[in-house]
Amino acid sequence: VRIGIVGLGFMGMIHYLAASKAGGAQVTAICSRDAKKLAGNWRGIRGNFGPPGEQMDLGAVKRYPRFEDMLADPDIDLIDVCSPTHLHADMALAALKAGKHVLVEKAVALDPEQADAMLKAAVDVKRLLMVAHVLPFVPEFAFAATAVRGGQYGKLLGAHFKRIISRPDWSADIGDAAKTGGPAVDLHIHDTHFIGLIAGVPDKVFSSGLIGKDGAVDYLTTQYLYGPSGPAVSCSSGATAMKGRPFVHGYEIYLEKATLVYESGTTPLTVYREDGLSEQPALTGGDDALGGFTAEIDAAAEGVRTGKAPDLLSGKLARDALVLCFKECASVRAGHAVAVEEALQGAPS
């Protein structure tokens, strides 16, 4: 499957490097307004994980300074949108209209209404809209998702997730809440997506948090209210850590027959069993920071080949995750629980 990447910031670089290891996909074109990046000078690109940018040999890759010209290329099957979030909707809609399948980085869009328009457009033109939520492809989270959804250890009783970073400063776009939605959207949507995947959408959310100087929610702790039968799920997420601790994520997941515990950098995935013993299961995908992204891109390529989007890349699941983020921010501002379900009615499949 031939991929054209638009946007050569940190995530565009990560997708490019990950695709180079994919078995069923190849980046054949890139698009950027930055002439230096098109020439292969990626030394100024950096993020909070993975390798720093370096000088790249792009001799075999078509390079487009104009997005419209890349869309006109008949030798591209899938447009991979890695631009800042506020550009996702317009770029995805243009790519769908041009007859391309689309993989768009999370968050799917800046607001749920834009996401709905993207989902509808994909149905109308009979092309795939896939959203690159990588967390279900990260080995520790892939194990947890498979265990919970497959019922290997019985019913999900409860869980707590966390995702904390230091204030993002590696690009002007990532620190601009007007372009990303702020940490409670751009960062926290990883968690709402994963929670939706393993537990479904809650009836209500109740969140407390911190609102930054720019008016965006910088940090929040949320209870996802599924009713008296549960599960009892919570999450803390935000950009409040010091630079010496730039990134940490993890979970404790409570199942009928096991407890799953993981925290990046400190606690490897451990399964605590009913008999009092514990084990650290072998994980597929390795410990390479790019492994999850490579698996994600391979899944997207398989979707293009089969004409069916993988459920882990579902546009509807990504849209629902965005709705949850917005409802949680509303709860922070209101100081009380906020209903979720009515916001999901009528969303395109």
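Throughout what follows, the structure given in this document is the object of discussion. Every value quoted in this text rests on a predicted model; they were computed, and no experiment measured them.

Rules and cut-offs
Residues numbered from 1 in each chain as written. Predicted model: local features only at pLDDT ≥ 70, side-chain atom pairs only at ≥ 80, totals over all residues. Heavy atoms only, no water. Helix = DSSP H or I, 4+ residues; strand = E, 2+ residues; numbered from the N terminus. Rg over C-alpha atoms; globule rule 2.2 N^0.38 Å. Buried < 20%, exposed > 50% of the residue type's maximum accessible area, 1.4 Å probe, protein only. Contact = heavy atoms within 4.5 Å. Pairing = 2+ DSSP bridges. Axes fitted to C-alpha atoms, helices over the stretch in contact; angles between N-to-C directions. Parallel < 35°, antiparallel > 145°, perpendicular 65-115°, else oblique. Left-handed = near helix turned anticlockwise from the far one by under 90°. Nonpolar A, V, L, I, M, F, W, Y, C, P; charged D, E, K, R; others polar. Salt bridge = Lys/Arg side-chain N within 4 Å of Asp/Glu carboxyl O. Core = buried A, V, L, I, M, F, W, Y, C linked by side-chain atoms within 4.5 Å. Polar contact = N/O pair within 3.5 Å; in protein donor to acceptor, adjacent residues only side chain to side chain. Phe/Tyr/Trp six-rings, centres within 6.5 Å; stacked < 30°, edge-to-face > 60°.

Okay, the overall build of the chain next. Counting secondary structure elements, the chain contains 11 helices and 15 strands. At 20 Å, the chain has a C-alpha radius of gyration in line with the 20 Å of a compact globule built from 349 residues. In terms of overall dimensions, the chain has a C-alpha envelope of 55 × 40 × 40 Å along the principal axes. Within the chain, buried positions represent 54% of all 349 residues. For the chain, restricting intrachain contacts to residue pairs at least 6 apart in sequence, the fraction spanning at least 24 positions comes to 70%.

With 8 bridges joining them, strand β8 (residues 204-211) and strand β9 (residues 217-225) adopt antiparallel strand pairing. Bridge pairing in β9 places L210 opposite Y219. Hairpin connection of β8 to β9: 5 residues between the antiparallel strands, including G215 at a positive phi of 90 degrees. The sheet contact formed by β8 and strand β15 (residues 338-339) spans 2 bridges and is antiparallel.

Let us look at the environment of A121. Inspection of the secondary structure assignment puts A121 in helix α5 (residues 112-125). Taking the C-alpha atoms as reference points, A121 and K97, 24 residues apart in sequence, are found 7.9 Å from one another. With near-sequence residues (within four places) excluded, A121 lies in contact with L93 and L96.

Where helix α9 (residues 189-199) meets helix α11 (residues 315-334), the axes come as close as 8 Å, and the angle between the chain directions of the two elements is 120 degrees. Taken as axis vectors, α9 and α11 run oblique relative to one another. Judged by the sense of rotation from one axis to the other, the crossing of α9 with α11 is right-handed. Across from I189, T192, H193, G196 and L197 in α9, the residues of α11 making contact are L317, A318, A321, L322, L324, C325 and E328. Its residues assigned to classes, the contact of α9 with α11 shows 8 nonpolar, 3 polar and 1 charged.

Turning our attention to the pattern of salt bridges. Enumeration according to the criterion identifies 20 salt bridges in this entry. Between R2 and D75 there is a salt bridge, with the nearest N and O atoms lying 3.6 Å from each other. With R2 in strand β1 (residues 2-6) and D75 in the loop between α3 (67-71) and β4 (78-81), the pair connects residues that are 73 residues apart, well separated along the chain. Close ionic contact of E279 with R273 constitutes a salt bridge, the shortest N to O distance being 3.8 Å. When its relative accessible area of 33% is taken as the criterion, E279 is described as partly exposed. Connected via shared salt-bridge partners are R2, K62, D73, D75 and D77.

A few words on helix α1 (residues 10-19). With 10 of 10 residues buried, α1 lies mostly within the body of the structure. Of the residues making up α1, those classed as buried are F10, M11, G12, M13, I14, H15, Y16, L17, A18 and A19.

Let us look at the sheet that holds β9. Strand order in the open sheet made by the 9 strands is β14-β13-β12-β11-β7-β10-β9-β8-β15, with mixed pairing throughout. Every other strand in the sheet has two partners, leaving β14 (278-279) and β15 as the edge strands with one partner each. Looking at chain direction, strand β13 (residues 267-273) and β14 are connected through 2 bridges and run antiparallel. Counterpart to V271 in the pairing with β14 is E279.

The subject of this paragraph is the nonpolar core. Y16, I30, F161, I253 and L260 are the most contacted members of the largest nonpolar core, which totals 71 residues. Examining the composition of this core, we find that 8 residues originate from one element, α1, more than from any other. The next biggest cluster of nonpolar side chains, apart from the first, holds 33 residues, and it includes C31, A89, A107 and A318.

So, about the side chain of T180. Tracing the chain through its elements places T180 in helix α7 (residues 177-180). Assessed through its relative accessible area of 5%, T180 is described here as buried. In terms of polar contacts, T180 uses its side chain to reach the backbone amide nitrogen of G182, at 3.0 Å.

Counted according to the given criterion, the structure contains 7 aromatic pairs. Note on F141 and Y262: the rings are 6.1 Å apart at their centroids and 90 degrees apart in plane angle, and the pair reads as edge-to-face. A residue pair is termed long-range when its members are at least 10 positions apart, and F141 in helix α6 (residues 139-150) and Y262 in strand β12 (residues 258-263) qualify at 121 residues. On the basis of relative accessibility, which here comes to 0%, the residue F141 falls in the buried class. Aromatic side chains Y251 and Y262 sit 5.7 Å apart centroid to centroid with 50 degrees between the ring planes, which places their arrangement in the tilted category. Of this pair, Y251 sits in strand β11 (residues 247-255) while Y262 sits in strand β12, placing them 11 residues apart in sequence. A residue is classified by how much of its surface remains accessible, and Y262, at 10% relative accessible area, is buried.

Take the side chain of H133 next. Along the chain, the position of H133 falls in the loop between β6 (129-132) and α6. Discounting chain neighbours no more than four positions away, the residues touching H133 are K106, I189, H193, E296, L312 and A318.

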